[in-house]
Amino acid sequence: MDSANGILIYRSADAPTLEASGCEIHVPMTDLQIAGVTKIADAGYGDGYKVNVLVNIPGFSLVWLWFKQNFPLPLHSHDVDCLYFIIAGSLKLGTETLGVKDSFFIPADVPYNYKAGNEGVEVLEIRHANQFEFRNLAKNMAFYDKAVETVLANRSAWQNAPPLTNVV
């Protein structure tokens, strides 16, 4: 971050990962969720996404997310409102397919998930908060079993996939 005359500049090259930023607080999970998350992690779930915090200033954050092709995001919620803007690729949210320049808003505490399209998706996530809770709401092993199948079917492509843009 550079600053002059109160202007703050953030460089994508300096953007920390979501994990390193401390922005996301994971709400404790059930034993079933822990077992499921462990199962998909062991299958290579981490190869299917990349997340960087581009800006994190008091009362405001901007996050870049890249979910690779067919990435299975679990049903979840956050304790703050989220506005998403798609910069590349596509995703399926409920019955809607959204693409480049489309946006969607998820109010605080509303359960949701989406699935990255066949080419993946890059989104910008905007919040009026510096920290937020991630509440995993996947409640049965069927989601995790299906997610493992998806991970195994896509992992080699995920490992070699170039980003859709050069944002980060």
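The structure displayed is predicted, hence computed values, not measured ones. (Residues numbered from 1 in each chain as written. Predicted model: local features only at pLDDT ≥ 70, side-chain atom pairs only at ≥ 80, totals over all residues. Heavy atoms only, no water.)

Caption draft 1: Region of interest: the layout of surface pockets. Each pocket or cavity is described by its volume, and for the largest pocket that value is around 560 Å³. In terms of lining, the largest pocket is formed by 29 residues, of which the most central are Glu24, His26, Tyr45, Tyr49 and Phe134. Residue composition of the lining of the largest pocket, grouped by class: 20 nonpolar, 5 polar and 4 charged. What the second largest pocket holds in volume is close to 170 Å³. Looking at the second largest pocket, the residues that line it are Asn70, Pro72, Leu73, Asn113, Tyr114, Lys115, Phe143, Lys146, Ala147 and Thr150. In terms of residue count, the dominant contributor to the lining of the second largest pocket is helix H3 (residues 141-160) (4 residues). Its residues assigned to classes, the lining of the second largest pocket shows 5 nonpolar, 3 polar and 2 charged. (1 Å grid on protein atoms, 1.4 Å probe; cavity = no way out; pocket = protein on both sides within 12 Å on 5 of 7 lines; lining within 4 Å. Points joined across faces, edges and corners; volume = space filled by probe spheres on them. Nonpolar A, V, L, I, M, F, W, Y, C, P; charged D, E, K, R; others polar. Helix = DSSP H or I, 4+ residues; strand = E, 2+ residues; numbered from the N terminus.)

Caption draft 2: Seen up close, the state of the cysteines. A complete count under the given rule lists 0 disulfides for this structure. As a non-bridged cysteine, Cys23 has Cys82 as the owner of its nearest cysteine sulfur, 12 Å distant. Judged by relative accessible area, which is 1%, Cys23 ranks as buried. (Disulfide = S-S within 2.5 Å. Buried < 20%, exposed > 50% of the residue type's maximum accessible area, 1.4 Å probe, protein only.)

Caption draft 3: Looking closely at the environment of Ala153. Within the fold, Ala153 resides in helix H3. Placed 83 residues apart in sequence, Ala153 and Asn70 show a C-alpha to C-alpha distance of 9.5 Å.

Caption draft 4: Broad picture of the sheet that holds strand S3 (residues 24-26). As summarised here, the arrangement of the 3 strands in space is S3-S11-S6, forming an open sheet in which the pairing is mixed. This sheet does not close on itself; its edge strands, each paired only once, are S3 and strand S6 (76-78). Strand-to-strand twist across the sheet, computed as the mean angle between neighbouring axes with direction ignored, equals 25 degrees. As defined by bridge partners, S6 adjoins strand S11 (residues 132-136) across 3 bridges and the pair is classed as antiparallel. Bridged to His78 within S11 is Phe134. (Pairing = 2+ DSSP bridges. Axes fitted to C-alpha atoms, helices over the stretch in contact; angles between N-to-C directions.)

Caption draft 5: Seen up close, the pairing of strand S8 (residues 96-99). Bridge count between strand S7 (residues 82-93) and S8: 4 bridges; the pairing is antiparallel. Paired with Leu93 across the two strands is Glu96, which belongs to S8. Count of turn residues in the S7/S8 antiparallel hairpin: 2 residues, of which Gly94 carries a positive phi of about 65 degrees.

Caption draft 6: Quick look at the packing of helix H2 (residues 31-43) against H3. Between H2 and H3, the shortest axis-to-axis distance is 9 Å and the interhelical angle comes to 10 degrees. When the axis of H2 is compared with that of H3, the two are roughly parallel. Of H3, the residues touching H2 (which contributes Leu32, Gln33, Ala35, Gly36, Val37, Lys39, Ile40 and Ala43) are Met141, Tyr144, Asp145, Ala147, Val148, Val151, Leu152 and Arg155. Across the contact of H2 with H3, the residue classes break down as 11 nonpolar, 2 polar and 3 charged. (Parallel < 35°, antiparallel > 145°, perpendicular 65-115°, else oblique. Contact = heavy atoms within 4.5 Å.)

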